[in-house]
Amino acid sequence: MKNELKNLRAEILEAIEGVSDLSGLEDLRVKYLGRKGTLPNLLKGLKGLADDARKEAGAFANEVKLSVDEAFSALQIDLEAKSRAEAFAEAHIDITRPGITPDIGHLHLTTQAIEEIKTIFSRLGFVQVRHPEIDWDHYAFGALNFPEDHPARDDWETFFIDDAGKAAEGENGKIVLTPHTSNGQVREMERSELPIRMMNINKTYRRQVSARHLPMFHQFEGLLIDKDVSIADLLGTFDFFVKQFFGPERKTRLRPHHFRFTEPSFELDVSCDVCAGTGMRENGLKCKLCKVGWLELGGAGMVHPNVLRAGGIDPDVYSGFAFGWGVERTMMMKGGINIPDIRVMYQNDMRFLEQF
Ligand code: FA5
């Protein structure tokens, strides 16, 4: 048995020397070491030997197996290195080929709108501030003259922050995801820096979803407080913004409205750009965005004396106006943007985003 093993080792080592590629080496491995290979076959004969002879032959068989394995591994490493070197030498690198241009992002449509809105109002002296987007009920409702049972405070209109199942409540009431940027009004007044020309732009949240409603959207809130401020100042401000943002041709209209925190109050509509102010689409169906040819962009009015008082300002000396508009809707109404459903703004579809 020992001699047979010696001969087999010599045969294997000699055969290995003649191998020049990895597949040839694998064939040899199967032939000699595989399950039905020569070496395992030979070792089956160990069973028939006497104890001592089996021990001796077994130990020698291990030695043979080890040396053969080593020879296989060493050659495998060499052949792999050789094949890598060949592949590398064959690979042709054309350094004149144009490279792959990385994708370059750009600002989201909403951010572009915010930048433009900020710039236009800064020309009128409005300074951009950022009041909290998660705030106390007091600033979002209470100080703005909302009664305790006002429907806007309903769970179905406003998101309240839950604390372990129970709405968190401090001395300023519950904590809310602000449903409008008007929470910045009294916060700004409390800074006691009069006169005020504030532009508060932020995220706002409501339980609403439709072609013109999002659960998360942005508002921009202007607040101007000074001596002798009148509705004419409010109208002049709107006129300036609308002409700058939409161009001189677009139509706007003011409707009387009711807000708890302004008196008198208005809503401002702009003629719908999607249906050219007709309320109908080319396919003969109603414009699902505006339905009537006009789209409401926001509310406004003269600051209510109770709100001035809540902010520590004497309404007999000071007056002011405030307005709050939706950023997304304002952007959608810009000429040529033509977005018929507000929800596409945040679907992150590259085909949409790349257009702006
Ligand atoms: C308000 O939020 C008042 N705070 C505005 C205001 C400020 C009035 C200061 C007086 C003085 P209103 O609920 O109408 O008003 O919302 C204002 C604008 O926000 C809407 O006209 C619309 O442009 C936008 N908006 C409201 N809800 C949504 C929504 N769910 N998705 C998108 N935009 C919305």
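A quick note: this is a predicted structure, and the numbers were derived from the prediction, not measured. (Residues numbered from 1 in each chain as written. Predicted model: local features only at pLDDT ≥ 70, side-chain atom pairs only at ≥ 80, totals over all residues. Heavy atoms only, no water.)

1. A few points about unusual backbone geometry
Part 1 of the argument: Across the junction of Leu194 and Pro195, the peptide omega takes the value -10°, indicating a cis bond.
Part 2 of the argument: Of note, Pro195 is situated in the loop between α7 (183–189) and β7 (196–205).
Part 3 of the argument: Here the bond from Glu263 into Pro264 is cis, since omega is -5°, no more than 30 degrees from zero.
Part 4 of the argument: Mapped onto the elements, Pro264 comes out in strand β10 (residues 262–271).
Part 5 of the argument: Positioned with a positive phi, Ala276 is a non-glycine residue whose angle comes to about 55°. (Helix = DSSP H or I, 4+ residues; strand = E, 2+ residues; numbered from the N terminus.)

2. Looking at the pairing of strand β9 (residues 252–259)
Every other side chain in a regular strand lies on the same face of the sheet, so the side chains alternate between the two faces.
Part 1 of the argument: As paired strands, β9 and β10 are joined by seven bridges and run antiparallel to one another. Bridge pairing in β10 places Pro256 opposite Phe266.
Part 2 of the argument: Between the antiparallel neighbours β9 and β10 lie two residues. (Pairing = 2+ DSSP bridges.)

3. Here we look at helix α4 (residues 51–90)
Part 1 of the argument: The first and last C-alpha atoms of α4 sit 58 Å apart over 40 residues, in line with the 58 Å expected at 1.5 Å per residue.
Part 2 of the argument: Along α4, the residues that are buried comprise Ala57, Gly58, Phe60, Ala61, Val64, Val68, Phe72, Leu75 and Leu79.
Part 3 of the argument: Where the residues of α4 are buried, they touch α1 (2–17), α2 (22–33) and α3 (38–43). (Expected span 1.5 Å × (residues − 1). Buried < 20%, exposed > 50% of the residue type's maximum accessible area, 1.4 Å probe, protein only. Contact = heavy atoms within 4.5 Å.)

4. Quick look at a negative patch on the surface
Part 1 of the argument: A grouping of Asp154, Asp155, Glu157 and Asp162 is seen on the molecular surface, where their side chains present a negatively charged patch.
Part 2 of the argument: With respect to the element layout, Asp162 can be found in strand β3 (residues 162–163).
Part 3 of the argument: For Asp162, a relative accessible area of 53% translates into the label exposed. (Patch = residues over 30% accessible without salt bridge, like charges linked within 9 Å, V, L, I, M, F, W, Y side chains within 5 Å. Areas by Shrake-Rupley, 256 points an atom, 1.4 Å probe, with all protein chains shown as cover. Salt bridge = Lys/Arg side-chain N within 4 Å of Asp/Glu carboxyl O. Lys, Arg positive; Asp, Glu negative; His and termini not counted. Charge placed at Lys NZ, Arg CZ, Asp CG, Glu CD.)

5. Concerning the site of the ligand
Part 1 of the argument: Close to the ligand lie 26 residues; Ser182, Arg206, Gln208, Glu296 and Leu297 are nearest.
Part 2 of the argument: Within the contact set of the ligand, an oxygen atom lies 2.5 Å away from a side-chain nitrogen or oxygen of Glu296.
Part 3 of the argument: With respect to the ligand, the backbone of Gly326 contributes an N or O atom lying 3.3 Å from an oxygen atom.
Part 4 of the argument: Out of a free accessible area of 680 Å², the ligand has 95% covered by protein chains.
Part 5 of the argument: When atom positions are compared with the pocket grids, the ligand is found to occupy the largest pocket.
Part 6 of the argument: Per-element accounting of the shell around the ligand gives the leading share, five residues, to strand β11 (residues 294–303).
Part 7 of the argument: A per-class count over the shell around the ligand returns nine nonpolar, 11 polar and six charged. (Near = heavy atom within 4 Å. Polar contact = N/O pair within 3.5 Å; in protein donor to acceptor, adjacent residues only side chain to side chain. 1 Å grid on protein atoms, 1.4 Å probe; cavity = no way out; pocket = protein on both sides within 12 Å on 5 of 7 lines; lining within 4 Å. Sits in = over half its atoms within 2 Å of the grid points. Nonpolar A, V, L, I, M, F, W, Y, C, P; charged D, E, K, R; others polar.)

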